[in-house]
Every structure is written in structure tokens, then in C-alpha cells.
Amino acid sequence: MSTTDSALSYSRGAIILHWLIALLILGNFIGAWTAEDLPRDAKLVVMGYHKATGIVILLLTLVRIGWRVVYRPPVLLQTLKTWEAALARVAHALFYALMLAVPLAGLGLHSAFSQGKPVSLFGLIDFPALPVGFDKPTIGLFHELHEVTATAMLVLLGLHVAAALKHQFIDRDSTMARMLPFLR
Ligand code: HEM
Ligand code: HEM
């Protein structure tokens, strides 16, 4: 890879964090949807994994934001139109906001519903609950927030994947290769 190429690619750490977090988020959606139809005991087990994975996503997102501050991402492709570059910046910023907001709202919901119990991270360590009220309106608020932010994340993911595929197969530029260097 030449110097010019590596300047156009995301750092190895940013790439690993992008795909690891993407997989965990996808798993958490599938887990939440699957849990809905399960009997109570199985549901509790799956939701235990859902909560623990969600906290891992929250922590990895903090690492990812820190990583991004230290290792700046490559400048956007010069071939992008002004509106495309602006849309990409807004969408990426919104993604970071939602990667924090979705698990935080979930943690708020858990904290209110379980009356302040910590979240067990796969039986290894406990992650503290948020200091929120335990009343019905608080539970309802965090439930609503968790559902609305998760739905917004799903919509954004649809647009994000559609944009990535458009760049790969219609524009045929190197956007996808910036996140999947083996495509170069
Ligand atoms: C929930 C899953 C995902 C999340 C939260 C996510 C989030 C992000 C974010 C925040 C960025 C901007 C990185 C930065 O500049 O700091 C990014 C870039 C990128 N993502 Fe994703 N992503 C996800 C899934 C995917 C999938 C499934 C694909 C491919 C089909 C994809 C393809 C890309 C590409 C190609 C870039 C680089 C864009 C560029 O060069 O400006 N992402 N993603
Ligand atoms: C990025 C991470 C996360 C994603 C994408 C996610 C997504 C979802 C989705 C799609 C649902 C179903 C919503 C509904 O239809 O009611 C759900 C439910 C739930 N989530 Fe999460 N979640 C995440 C993190 C968390 C965390 C960190 C916690 C708690 C520590 C949590 C706790 C819950 C609970 C308790 C429910 C059940 C709500 C109900 O009873 O309807 N989630 N989550």
C-alpha cells in the first residue's frame, strides 16, 4: 500500500472497531426481536445477553470516539459532491450520537425497571445502574426513548448500507475499500 493509499484508508483500529461494533449492534437487534416471542425464562437469559452486549457497545463506542480523536479519519473522497459530503458528515455524527443514546436509554430502562440493580456483564463483573427514579412514568420514558432511538438507528443503518452499495456498484469509487482494505 503506498503512502497515498494509506492516507485514504481508515486506520486498522478504526476498521476493527467499525466492524466489531456493527456486528454487536446487529446481534443486539436480532436478540431483542427474538426475545419477544420466547417463554419468560429464555427471554430473561437472552435479555441478559442483550443488556451486557449493549454495555460493551457503549464502552467500545467511547474507545472508538477516543481513537477517532487521536487517529483522524481520512479526508472524504474528493470526488464526492458537496451535498454527498455534507450528508455523510451528518449521518456519521448521528451514528455516533445514537451509538451512545441507544445503550444509555436501555440502561436507563433497566435501572428504572429493576430498581437500581447493576447489569451483570456475562457474570464476570457488574456495571452500575443509572441514578434514575423507579416510578412508572420514568420506566415509560426510557422505554419510549430506547425504542425511538433504536428505530432511528435502524433507519440510519439502511441509508448507510444503501450509500455504501451505491458507492461500490454505481459510482465505483473507493469508499467501501476505505473500510474494507482487501477490496483495493
Ligand atoms: C450498525 C452498524 C454500523 C454502524 C453503527 C456504522 C457506523 C459508521 C460510522 C460512524 C462511520 C464513519 C466513521 C468515521 O468517519 O469516524 C462509518 C463509515 C463507513 N461505514 Fe459503517 N456502520 C455500520 C455498518 C456498516 C455496513 C453494514 C457497511 C457496509 C455495507 C458499512 C460501510 C461503511 C463504509 C464504507 C464507511 C466509510 C465511509 C467513508 O469513507 O466516509 N457500515 N460507519
Ligand atoms: C446498541 C445497543 C442496543 C440496541 C441496538 C438495542 C435495541 C433494542 C431493541 C430493538 C429492543 C426492542 C424494542 C421494543 O420493541 O420494545 C430493545 C429492547 C430492550 N432493551 Fe435494548 N438495545 C441496546 C442496548 C441495551 C442496553 C445497554 C440495555 C440495558 C442495559 C437494553 C435493555 C433493553 C430492555 C430492558 C428491552 C426490553 C424492552 C421491553 O420490555 O419492551 N438495551 N433493545
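Residues numbered from 1 in each chain as written. Chains lettered and ligands numbered in written order. Predicted model: local features only at pLDDT ≥ 70, side-chain atom pairs only at ≥ 80, totals over all residues. Heavy atoms only, no water.

## So, the confidence of the model for the protein chain
Low pLDDT means the predicted coordinates in that region are not meant to be read closely.
Right, on to step 1. Scored by pLDDT, the protein chain comes out at a mean of 95, with 96% of its residues at no less than 70.
Right, on to step 2. Here residues 1-6 is a poorly scored stretch, pLDDT under 50, and it has 5 contacts once near neighbours within four places are set aside; other chains count. (pLDDT = per-residue confidence, 0-100. Contact = heavy atoms within 4.5 Å.)

## Let's talk about the packing of aromatic side chains
Right, on to step 1. Overall, the coordinates contain 3 aromatic pairs when judged by the stated rule.
Right, on to step 2. With a centroid separation of 6.0 Å and 35 degrees between ring planes, the pair formed by Tyr 49 and Phe 122 is classed as tilted. A residue pair is termed long-range when its members are at least 10 positions apart, and Tyr 49 in helix H3 (residues 40-70) and Phe 122 in the loop between strand E1 (119-121) and strand E2 (125-127) qualify at 73 residues.
Right, on to step 3. Using a relative accessible area of 41% as the deciding quantity, one classes Phe 122 as partly exposed. (Phe/Tyr/Trp six-rings, centres within 6.5 Å; stacked < 30°, edge-to-face > 60°. Helix = DSSP H or I, 4+ residues; strand = E, 2+ residues; numbered from the N terminus. Buried < 20%, exposed > 50% of the residue type's maximum accessible area, 1.4 Å probe, protein only.)

## Observations regarding the coordination of the iron atom of ligand 2
Right, on to step 1. In this structure, His 50 (NE2) and His 146 (NE2) serve as the protein donors to the iron atom of ligand 2, at separations of 2.0 Å.
Right, on to step 2. One can describe the donor arrangement at the iron atom of ligand 2 as octahedral, given that its 6 donor atoms subtend angles of 85 to 180 degrees at the metal. Here His 146 lies in helix H5 (residues 136-171) and His 50 lies in helix H3, a separation of 96 residues in the sequence.
Right, on to step 3. Exposure remark for His 50: the relative accessible area of 13% places this residue in the buried category. (Donors = N, O, S within 2.8 Å, 3.2 Å for Na, K, Ca; no water. Tetrahedral: all angles 85-135°; square planar, octahedral: opposite > 155°, others 65-115°.)

## Here's the deal with the coordination of the iron atom of ligand 1
Right, on to step 1. The protein atoms that coordinate the iron atom of ligand 1 are His 18 (NE2) and His 160 (NE2), at distances spanning 2.0 Å.
Right, on to step 2. Its 6 donor atoms give the iron atom of ligand 1 angles of 87 to 180 degrees at the centre, a pattern that matches the octahedral case. A residue pair is termed long-range when its members are at least 10 positions apart, and His 18 in helix H2 (residues 12-36) and His 160 in helix H5 qualify at 142 residues.
Right, on to step 3. His 160 sits in the partly exposed class, given a relative accessible area of 27%.

## Considering a negative patch on the surface
Right, on to step 1. A cluster of acidic residues, Glu 36, Asp 37, Glu 144 and Glu 147, forms a negative patch on the protein surface.
Right, on to step 2. Within the fold, Glu 144 resides in helix H5.
Right, on to step 3. Take Glu 144: its relative accessible area is 48%, and that puts it in the partly exposed class. (Patch = residues over 30% accessible without salt bridge, like charges linked within 9 Å, V, L, I, M, F, W, Y side chains within 5 Å. Areas by Shrake-Rupley, 256 points an atom, 1.4 Å probe, with all protein chains shown as cover. Salt bridge = Lys/Arg side-chain N within 4 Å of Asp/Glu carboxyl O. Lys, Arg positive; Asp, Glu negative; His and termini not counted. Charge placed at Lys NZ, Arg CZ, Asp CG, Glu CD.)

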